[in-house]
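# Analysis of the macromolecular model
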Amino acid sequence: MPKNFTTAKAHPNIAFIKYWGNADQNLRLPANASISMNLSELETVTKIAFLPDQSSHLLKINGILQDTEHTSRVATYLESVRNLYAFQGSLAIESHNNFPMGAGIASSASAFAALAVALNDLLELNLPQSGISALARLGSGSACRSIPAGFTVWEKGRTHLDSFAATFAPPDHWELRDIILIVAAEEKAVGSTQGHALADTSPYQSVRVHDAKRRLEICRRAILNKDFNKLAWIIEQDSDMMHAVMMTSRPPINYWQPASIAIMQKVRDLRKNGIACAYTLDAGPNVHVITLATDQTKVINAFKGFPGLQDMYISNIGAGAQVIP
Ligand code: PMV
């Protein structure tokens, strides 16, 4: 008998080699391949159920029923899923994040990853992991990297089904930690979907994309060989290159705030003094400080009371997205 509802869980991820700009906006096929690590301490749990007699979808996030404006991105996503895998009726979606929504940590990756896993189960699509990853990508590009476990690579691909992420090292491969330093908790002014569409207006984007393969290989090898110094150098360069593109787009997007810059400087100073740490920033001002388990306490202590720091989250490396009982 078909199920009435299903529940799935997914973690967000932090990109080491960033995805910025699309080769195909509608399919969210990326301009370049990317690498990330899942974050085990943060998660989204999503329950979905059929609403046979309703014409529109219902979306609740952290217990609050969302208005049409907030539901529209999910509704558009569900229509693209319906075009691929016909299904009848509407859905009730109830999603919970264990991290506050306005905390400045991107929740779209874990949200669409959990939703894709739940859809695969409820609609009995029986997709392989690569197919679920591709399905998540249609909602938010980076969500495809939250489907497989641990350290994942998203090869860009040319069609819907060959643009997906896969694990290249499991979560227990290397004891890295992500210390997320929150300097601004409000929603960002320019969302990533809008940002991707502006990437090509920067003269630096073609250089960034052209050089992406080199950075990706260095990063992948640094992770496989557990070479922290190489990893530190390449993820900082990659993050800076993406932000250089953002800052030189038309109109420009500036995500860095004074506190973000001060933290980046401090991370470099700490590294000079022998503490394993490196920074990377997604489309926002909050700084992810990547460190080793052995140096975690030193990094946390170094940032306690840092000017402009509002909050701190610490995460290990996460599993892939899955259906939960
Ligand atoms: O998946 P999106 O559309 O939210 O884009 C994510 C973009 C970055 O977080 C800045 C980089 C990345 O690869 O995750």
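Residues numbered from 1 in each chain as written. Predicted model: local features only at pLDDT ≥ 70, side-chain atom pairs only at ≥ 80, totals over all residues. Heavy atoms only, no water.

### Some details on helix α3 (residues 129-137)
- Counting buried positions along α3 gives 7 out of 9 residues, so the element sits mostly inside the fold.
- All of the buried residues along α3 are G131, I132, S133, A134, L135, A136 and R137.
- The inward-facing, buried residues of α3 abut β4 (29-30), α1 (68-84), α2 (108-122), β10 (151-154) and β11 (165-169). (Buried < 20%, exposed > 50% of the residue type's maximum accessible area, 1.4 Å probe, protein only. Helix = DSSP H or I, 4+ residues; strand = E, 2+ residues; numbered from the N terminus. Contact = heavy atoms within 4.5 Å.)

### Thoughts on helix α6 (residues 212-224)
- Here α6 is 13 residues long and its end C-alpha atoms lie 18 Å apart, about the 18 Å a rise of 1.5 Å per residue gives.
- Buried within α6 we find A212, R215, L216, C219, R220, A222 and I223. Seen from one end, α6 has its buried residues packed into an arc of 160°, which puts them on one side.
- On its buried face, α6 sits against β2 (13-17), β5 (34-38), β10, β11, α5 (205-210) and α7 (228-247).
- A positive phi of about 50° marks K226, the residue just after α6. (Expected span 1.5 Å × (residues − 1). Arc of directions from axis to C-beta.)

### Section: the site of the ligand
- Close contacts around the ligand come from 14 residues, with Y19, S140, S142, R145 and S192 the closest.
- At a separation of 2.9 Å, an oxygen atom of the ligand approaches a polar side-chain atom of H196.
- Expressed as a share of its isolated accessible area of 380 Å², the protein-covered part of the ligand is 95%.
- Among the domains, domain 1 (5-172) and domain 2 (173-315) are the pair contributing at least three residues each to the shell around the ligand. (Near = heavy atom within 4 Å. Polar contact = N/O pair within 3.5 Å; in protein donor to acceptor, adjacent residues only side chain to side chain. Areas by Shrake-Rupley, 256 points an atom, 1.4 Å probe, with all protein chains shown as cover. Domains from an automatic or database assignment.)

### A look at the pairing of strand β12 (residues 176-182)
- Among the 7 residues of β12, 7 are classified as buried, and the element is accordingly described as predominantly covered.
- Across the two faces of β12 the burial is the same, with L176, D178, I180 and I182 and R177, I179 and L181 all buried.
- As judged from the 6 bridges shared by β12 and strand β14 (residues 287-292), these two strands associate in the antiparallel manner. Bridging from a neighbouring strand, R177 pairs with T291 of β14. (Pairing = 2+ DSSP bridges.)

### A word on the layout of surface pockets
- Volume-wise, the second largest pocket comes out at about 210 Å³.
- Elements with a contribution of two residues or more to the lining of the second largest pocket: α5 and α6.
- If you tally residues by element for the lining of the second largest pocket, the top one is α6, at 5 residues.
- Split by domain, the residues of the lining of the second largest pocket number at least three in each of domain 1 (5-172) and domain 2 (173-315). (1 Å grid on protein atoms, 1.4 Å probe; cavity = no way out; pocket = protein on both sides within 12 Å on 5 of 7 lines; lining within 4 Å. Points joined across faces, edges and corners; volume = space filled by probe spheres on them.)

### With respect to the pattern of salt bridges
- The full count for this structure, using the stated rule, is 14 salt bridges.
- The partner of K9 in a salt bridge is E43, and the shortest N-O contact between them spans 3.6 Å. Within this pair, whereas K9 is found in strand β1 (residues 5-10), its partner E43 is found in the loop between β5 and β6 (44-51), the two being separated by 34 residues in sequence.
- Through salt bridges with shared partners, a single ionic network connects D211, R214, R215 and D238. (Salt bridge = Lys/Arg side-chain N within 4 Å of Asp/Glu carboxyl O.)

### Observations concerning the sheet that holds β5
- Reading across the sheet, the 4 strands line up as β2-β5-β10-β11 and stay open at both edges, with antiparallel pairing between neighbours. The open sheet terminates on both sides in strands that have one partner only, identified here as β2 and β11. The average angle at which neighbouring strand axes cross in this sheet is 35°, direction not considered.
- Sheet analysis places β2 next to β5, joined by 4 bridges and oriented antiparallel. In the sheet register, N13 faces β5, and the bridge partner there is N38. (Axes fitted to C-alpha atoms, helices over the stretch in contact; angles between N-to-C directions.)

### Some thoughts on unusual backbone geometry
- Omega for the peptide link from R250 to P251 comes to -5°, which places this bond in the cis form.
- Mapped onto the elements of the fold, P251 is located in the loop between α7 and α8 (258-272).
- Unusually for a residue other than glycine, N62 sits at a positive phi of about 50°.
- Its location among the elements puts N62 in the loop between β7 (58-61) and β8 (64-65).
- Take N62: its relative accessible area is 29%, and that puts it in the partly exposed class.

### With respect to the domain arrangement of the protein chain
- When the domains of the protein chain are assigned, the result is domain 1 (5-172) and domain 2 (173-315).
- Across the boundary between the two partners, domain 1 contributes 37 residues, which contact 46 residues of domain 2.
- Roughly 3200 Å² of surface becomes buried between domain 1 and domain 2 when both sides are summed, with 65% attributable to carbon and sulfur atoms.
- It is F16, K18 and W20 in domain 1 that bury the most area against domain 2; as a group they hold 27% of the surface buried on that side.
- E155 is the partner of R220 in a salt bridge, and the nearest nitrogen-oxygen pair spans 3.7 Å.
- Counting across the interface, domain 1 meets domain 2 through 15 residue pairs in polar contact (both at pLDDT 80 or more).
- If you list the elements that add at least two residues to the side of domain 1 that touches domain 2, you get β2, β5, β10 and β11.
- Of all the elements, β2 adds the most residues to the side of domain 1 that touches domain 2, at 5 residues. (Buried area = accessible area lost by both parts, 1.4 Å probe.)

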